Amino acid sequence: MNTSDTSLAVEKVGKKYGTFAALSDVSFSARRGEFLSILGPSGCGKTTLLRLIAGLESHSEGRVIIDGRDVSGSPVSKRNVGIVFQSYALFPNLSARNNIAYGLKSRGASREEIVARVDELLDLVGMRGMGRKYPAQLSGGQQQRVALARSLAVSPGLLLLDEPLSALDAKVRLLLRGEIRQLQKRLGITTVMVTHDQEEALTMADRILVIEKGRLVQDGTPHDIYDRPATPFVASFIGAMNFIPDAVKVHDGVYGLGGHHVQVGMENGSAALPPGSRVTIAIRPEDVLIGRELGSANIVPTTVSAMEYRGAQFRLSLVVHSGERSGLRLDADVAAEKVRRLQIRPEMDLPVHLPFNRLRVYGAGEAHA
Amino acid sequence: MPEGGLATEAATASARARVDDGFWARVDGERWIKRLLIVALCLWLGVVLVLPVLQLLVKSLADDQGGFVGLTHYVKYFNSPNLFVSLRNSLVVAVLTTLLSVGLGFGYAYALARTTIFGRGLLKGVAMMPLFAPTLLNGIALIYLFGRKGLVTTGLFGLLPGVDIGVYGPVGIVIAETLYAFPQAVLILVIALKMTDARLYEAAQSLGASPLRIFFTVTLPGVRFGLMSAVFVCFILSFTDFGAPKVVGGNYSVLATDIYKQVIGQQNFSMGAVVSVVLLIPALLAFIADRLVQRRQVASFAARSVPLIPRPNPRRDVFFAFYCWLVGGAIVIFYLTALFASLVKVWPYQLELGLWHYHFSGTGGGGYSAFFNSLRMSAYSALWGTAITFLAAYLIEKTRQLHGLRQLAYFLSLAPLALPGMVIGLAYIFFFNARGWEIAGVFVANPFNWLYSTMAILVLCNIVHFFSVSFLTATTALKQMDREFETVSASMGVPFTKTFVRVTVPVCLPAILEIGMYYFVNSMATVSAVIFLYSADLPLASVAVANMDDAGDTAYACAMSMLIVAANILVRLMYGASTAGIRRRSQAWLTR
Amino acid sequence: MTRRWLQTTRKMMLTPLLLLAALPAGAEELLVYTALEDDEIPGYMELFKKSHAGIDVKIVRDSTGIITAKLLAEKDNPQADVVWGTAATSLMLFDQAGMIEPYAPKGLDKVRPFMRDGNTVPHWVGIKAWETGFCVNTVEMEAKKLPVPKSYADLINPVYKGHLVMPNPASSGTGYLTVSAILQLMGEEKGWAYLDKLHDNMSSYTHSGSKPCKMAGAGETEIGISFAYRGFMQKKKGEPVVTVFPSEGSGWDVEANALIKKAKVKESAKTFLDWAISAEVMSAYAKVYPVTAYATGVAIPEGYPAEPEKQLIKNDFSWAAANRARILDEWSKRYDGKSEAKK
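Source: prediction; values computed, not measured.

Side note on the overall build of chain C
Point 1. Across its full length, chain C holds 15 helices and ten strands.
Point 2. Relative to its full complement of 343 residues, chain C shows a buried share of 60%.
Point 3. In chain C, the proportion of contacts linking residues at least 24 apart, taken out of those at least 6 apart, comes to 74%.

As for the sheet that holds strand S14 (residues 278–283) of chain A
Residue and element names in this part refer to chain A.
Point 1. On the basis of which strands lie adjacent, the open sheet formed by five strands has the order S13-S12-S11-S14-S20 and antiparallel pairing. Two strands in the sheet have a free side with no partner beyond their single neighbour: strand S13 (260–263) and strand S20 (360–363). Within the sheet, the average angular offset between the axes of one strand and its neighbour, ignoring direction, is 45°.
Point 2. Direction of pairing for strand S11 (residues 242–251) relative to S14: antiparallel, over a ladder of five bridges. Each bridged residue has a counterpart across the sheet, and for Asn242 the counterpart in S14 is Ile283.

Regarding the interface of chain B and chain C
Point 1. Listed as interface residues are 73 residues of chain B and, on the opposing side, 74 residues of chain C.
Point 2. Contact between chain B and chain C buries roughly 6400 Å² in total, counting both sides, with carbon and sulfur atoms accounting for 56%.
Point 3. Considering only the side of chain B, the residues that lose the most area to chain C are B:Arg148, B:Asn251 and B:Tyr349, jointly responsible for 11% of the buried surface there.
Point 4. Summed over the shared surface of chain B and chain C, the number is two salt bridges.
Point 5. Close ionic contact of B:Arg148 with C:Glu222 constitutes a salt bridge, the shortest N to O distance being 3.1 Å.

Here's the deal with a nonpolar patch on the surface
Point 1. Together, B:Val50, B:Leu51, B:Leu54 and B:Leu57 make up an exposed nonpolar region whose accessible area comes to about 270 Å².
Point 2. Structurally, B:Leu51 can be placed in helix H3 (residues 29–60).

Structural notes on the arrangement of the chains
Point 1. Among two pairs of chains with at least one contact, chains B and C form the most extensive contact set.
Point 2. One finds no contact between chain A and chain C; the C-alpha atoms of the two approach each other to within 26 Å at their closest.

Comments concerning the state of the cysteines
The bond known as a disulfide is covalent and runs between the sulfur atoms of two cysteines.
Point 1. Inspection of the entire model under this criterion finds one disulfide over all chains.
Point 2. Between the sulfur atoms of C:Cys135 and its disulfide mate C:Cys213 the distance is 2.0 Å. Measuring the twist about the S-S bond at about -85°, one finds the C:Cys135-C:Cys213 disulfide to be left-handed. Of this pair, C:Cys135 sits in strand S5 (residues 125–137) while C:Cys213 sits in helix H9 (residues 211–217), placing them 78 residues apart in sequence. Accessibility classification places C:Cys135 together with C:Cys213 in one group, the buried group.
Point 3. Residue B:Cys234 stays outside any disulfide, its sulfur separated by 17 Å from that of B:Cys324, the closest cysteine.

Comments concerning the packing of aromatic side chains
Point 1. Applying the stated criterion to the full structure yields 48 aromatic pairs over all chains.
Point 2. Between the aromatic rings of B:Phe431 and B:Trp437, the centroid separation amounts to 5.3 Å while the plane-to-plane angle is 25°, which identifies the pairing as stacked.
Point 3. Linked through ring pairs, B:Phe106, B:Tyr110, B:Phe215, B:Phe216, B:Phe319 and B:Phe320 together constitute an aromatic cluster.
Point 4. The ring of B:Trp356 has B:Lys345 sitting right over it, with the charged end atom 4.9 Å from the ring centre.
Point 5. When the ring centre of C:Tyr176 is taken as reference, the NZ or CZ atom of C:Arg324 above it lies at 5.6 Å.

Digging into the pairing of strand S17 (residues 313–320) of chain A
Residue and element names in this part refer to chain A.
Point 1. The pairing of strand S16 (residues 299–309) with S17 spans seven bridges and is antiparallel. Paired with Thr303 across the bridge in S17 is Val319.
Point 2. Count of turn residues in the S16/S17 antiparallel hairpin: three residues, of which Gly311 carries a positive phi of about 80°.
Point 3. Pairing of S17 with strand S18 (residues 329–335) involves seven bridges; the strand directions are antiparallel. Considered in S18, the bridge of Val319 is made with Arg329.

So, the nonpolar core
Point 1. Counting residues in each nonpolar core, the largest one holds 285 residues, and the members touching the most others are A:Leu8, B:Tyr108, B:Tyr428, B:Leu458, C:Trp84 and C:Phe272.
Point 2. Discounting residues that sit within four places of it in the chain, B:Tyr428 has contacts with B:Val48, B:Pro52, B:Asn433, B:Ile457, B:Leu460, B:Cys461, B:Val464 and B:Leu533.
Point 3. Core analysis: the next-biggest nonpolar cluster, separate from the first, contains 44 residues, A:Leu39, A:Ile114, A:Leu168 and A:Val234 among them.

Overview of the domain arrangement of chain C
Residue and element names in this part refer to chain C.
Point 1. According to the domain assignment, chain C consists of domain 1 (3–129 + 253–306) and domain 2 (131–251 + 322–338).
Point 2. Between the C-alpha centres of domain 1 and domain 2 the distance comes to 29 Å.
Point 3. Contacts between domain 1 and domain 2 engage 13 residues on the former and ten residues on the latter.
Point 4. Taken together, both faces of the contact between domain 1 and domain 2 bury some 940 Å²; the carbon and sulfur share is 59%.
Point 5. The interface formed by domain 1 and domain 2 holds one salt bridge in total.
Point 6. In this structure, Glu37 and Arg230 form a salt bridge, with 2.8 Å as the shortest nitrogen-oxygen distance.
Point 7. Among the residues making up the side of domain 1 that touches domain 2, the classes are represented as seven nonpolar, one polar and five charged.

What counts and what doesn't
- Residues numbered from 1 in each chain as written.
- Chains lettered and ligands numbered in written order.
- Predicted model: local features only at pLDDT ≥ 70, side-chain atom pairs only at ≥ 80, totals over all residues.
- Heavy atoms only, no water.
- Helix = DSSP H or I, 4+ residues; strand = E, 2+ residues; numbered from the N terminus.
- Buried < 20%, exposed > 50% of the residue type's maximum accessible area, 1.4 Å probe, protein only.
- Contact = heavy atoms within 4.5 Å.
- Pairing = 2+ DSSP bridges.
- Axes fitted to C-alpha atoms, helices over the stretch in contact; angles between N-to-C directions.
- Buried area = accessible area lost by both parts, 1.4 Å probe.
- Salt bridge = Lys/Arg side-chain N within 4 Å of Asp/Glu carboxyl O.
- Patch = residues over 30% accessible without salt bridge, like charges linked within 9 Å, V, L, I, M, F, W, Y side chains within 5 Å.
- Areas by Shrake-Rupley, 256 points an atom, 1.4 Å probe, with all protein chains shown as cover.
- Disulfide = S-S within 2.5 Å.
- Phe/Tyr/Trp six-rings, centres within 6.5 Å; stacked < 30°, edge-to-face > 60°.
- Lys NZ or Arg CZ within 6 Å of the ring centre and 35° of its normal.
- Core = buried A, V, L, I, M, F, W, Y, C linked by side-chain atoms within 4.5 Å.
- Domains from an automatic or database assignment.
- Nonpolar A, V, L, I, M, F, W, Y, C, P; charged D, E, K, R; others polar.

Listed below in structure tokens is the structure:
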């Protein structure tokens, strides 16, 4: 990656509170104009990471580089970043206009410049004509837009969003997701967003950083993260995943699983493990296929034990027929139309197909929590 | 930046210009300014609070010539039977007063916060009346009502059968102290009762709990912190007050009057300091206990509580209306009696009414010049006190630098709660009038000596005396503000000072005005702290009340008290009007 | 360096407060502390202003206890230039503390020996004597059919039980003066026995010397042991009070003046002290007090005994001062400890 193209670089950053390590050894970088999402469960350290980048907290180790400048130790005011908080932190006594103009006034911009810029920003966030209103008179979504406009007003080199949509109701959230993403693309501003909502991360980000217990466990595109989760944690945190423990590696690409043998694509497996190793095999419910037309390899006989209606699809709970032991379970998401067509009912025997290139293999050491 | 446009380019350019590389990019000027301010705050608290109290402690260990005598005075005091008599009396008075004022105050506050009775605004105002008058007036009015020749005792001068309750002694002290502590209890309990979550009541009602059961299982636990706070505040107030015992105490000695006896009666400062220290201990214990209890409160706050809106309930409301008008009426009668007494020519022998005693000629204390001095002093105290208190609360609450020092400053800011006014006054006289100190054989001149016998020292003394409550008010207001205001501003490169002026202060304006009013009203009425400190040029109204009462000019004392009360009511009304104005003007952003 | 810097910051913090400080000190401003009664001072000061227009006198007036406490508290850094009309016993305390600059005012030769300090250049010079007395409310006495007491001996008559109020000697100079007078008149042993009985009659003790008289004036008690001047003043205001001088004699003290030792003693302070015993003001004192520093020819004020000097007991000031702590301890032991048993 060309350094001049790197907008943000975080190098081996760590943060300790006393003996507790909130973050350790986190490194990543963002290209100019890229939208990064930091994803993780609450308490994993993702907000701490954002605050370190912003300069709101000082880090114990490592460096933060923004636009090629090492800003470690510089205060937030000298990092040229825009921040939008979960609570928006709009000044209640100032109108939307004045909130947006807040940062401009102290930069010595002239009155005309400020008026023009505020109008431009109000347009940008779709709030034309609402400038006179006070935050309390605005809906949650509108407040969010004002907060965004305010953070963009000073033309930051980097935009930081801290759970920006979590306080909104579902519909507005969906709407704003798209709008923020579009706006970000139009402005070409490098953006880092913290969220605990995987769907938000998947739909908005160019790249997702998954944090678990203060460590960066995966850094990749939404596709990478979803299709090739690096660890069982990532796999279970983002989307649903069937884990089949106590499988055994027969040889590269072939694994024993409750008396059945399954083939697994080489790039999805733990090629480094010696034959005989215990592994966990994982597959997403929507990748479990049913129907005879799918060939003969990787077919596993099962019985439907329960069916959960989910509108467009059903989630089937399946029990795998097994010579050695029973109780091996799989979930499968099947389109409602297909369920109706095949007349699937509980207690019915149903062979399923596990496509070899959709299976993931994790070493026993990585077994998920 | 396709959508940027010219304005964006210009702003970007100026932003880039600010963010330059090099040393200054790393130096956070604001961080240093905040650190400096925190250090300054701690130094200020050190000078106006810690050092004077230390000086008092040193004084209690020294003889009159300043030689160190160790614990001699303490040994002497602990060996005299008087200590235990006074200590026991003080405790009896404080416990009874606390029970009465918190008990009466709870019912009153309950009516204000949880019922729909008529005239709650007025009733609240009436309950605050005792805050507006010097505590001496409580004693004086008490004698006009219950003294040998009092209105009640003689049954309105013989019109009705009279009752003599034997007001001189513990009975009188407890009544006067209850009157004194009552408004504080009501203030604290109203807030506590208002903060309860309505959903708890809905839940209890849906489970079929009886009103009594709801009271014991929901209401009381819900206000337990407020209740404890009220108990501690009333205890400390009545334990340390000196005005009422001096006027109606007779020979029922309490610790506060013991200080008076030692200092004024016998000019024995060392012993006075000893008694002050002894007086400090239970107050300090109560203070620490309160802080420990309150610390646990933080966790019990529900973020999304639903405020309880009282609904009419005829039976309950009639009962509480009756109760409130009874208690409120009693308070009003107290002050009406004092007003009446100030207008009567010679109580109780010549009951002609007139403004004889509002001329203040032929009596001491300084008359109207004292009154105007008091107005001036109170205005300065309100102005400076509010500024310093709010700034202190801001620094402690809203900065992230120097955690340890901020903790210290927080503790010191609450400590004056446990300091009786008289102790502050004495400590100030010892500290600020000292020429200097021998520290490790080196004479250090006192850099604050020039403050002595100025208006400034009176103002400082008031600020310290009334610091804690104001500080808590400011802290509460600041806590309600979004924690990220400062960070947002910083990220936009706006200095925190600007955000302080443009956002923090306007949003907290109601609390700021309240603090100002609190300082003003208390500075007008206070006697105990300033009685040692006022100087020839600056007689004060409240001190004049004490002196005139002392000299037997009770009617003049009443008249002066009435002026004080009138000024305070006026300021209270101004406060009410201005907050109403602010509320109207800023309705847009206050309705959240 | 750091220290200086710290000091500067502290000063900077306080500087705004400096602006509030009182007026700058004038050239010939004189600060006088006094315990004279509030209603006396304006009359005297008018006389002073007439003859000394150039001197700006600031008066700090308070009760004897507070003035004494204030002066002692300010010992290391005295504010007052002159003490005027304050109890000689207090001035002796200041003298012990080395606060007094000896000064012989003009006209000292006329002052009677018992009205001044024994040193050749006196440390204090008296202006007048004030004495204790009973204030008796005639209306209440009549209503209760009580005889007006004439002597200390009368006061322990059980008919007065619950009708007496006196100042607590631990809080009030008048109170101590009364107690020490009784002990000196009767001797310690008999004196304490008398005080025991007096205590049985006492309804309450007050913290201020004038308060018992004031209570008598308002009918809050029938008899208040206080000082004589108060009773006369209250009568003037219309209260039904007569002042009784006990036949055994009254405890008394000299109200005296002294010069306070300061780095720079002002000339005007001496001028003031000269004036304070001058004939014109002495005559003014004599209009309300029968015993003055020297005879003035002014008639004895109404209500006082014909031979006012004879009413004063032989008061041994140094005995009273030396035994004060012991007497107060004894008093507290006897009467403070069981205070609430009485009503």
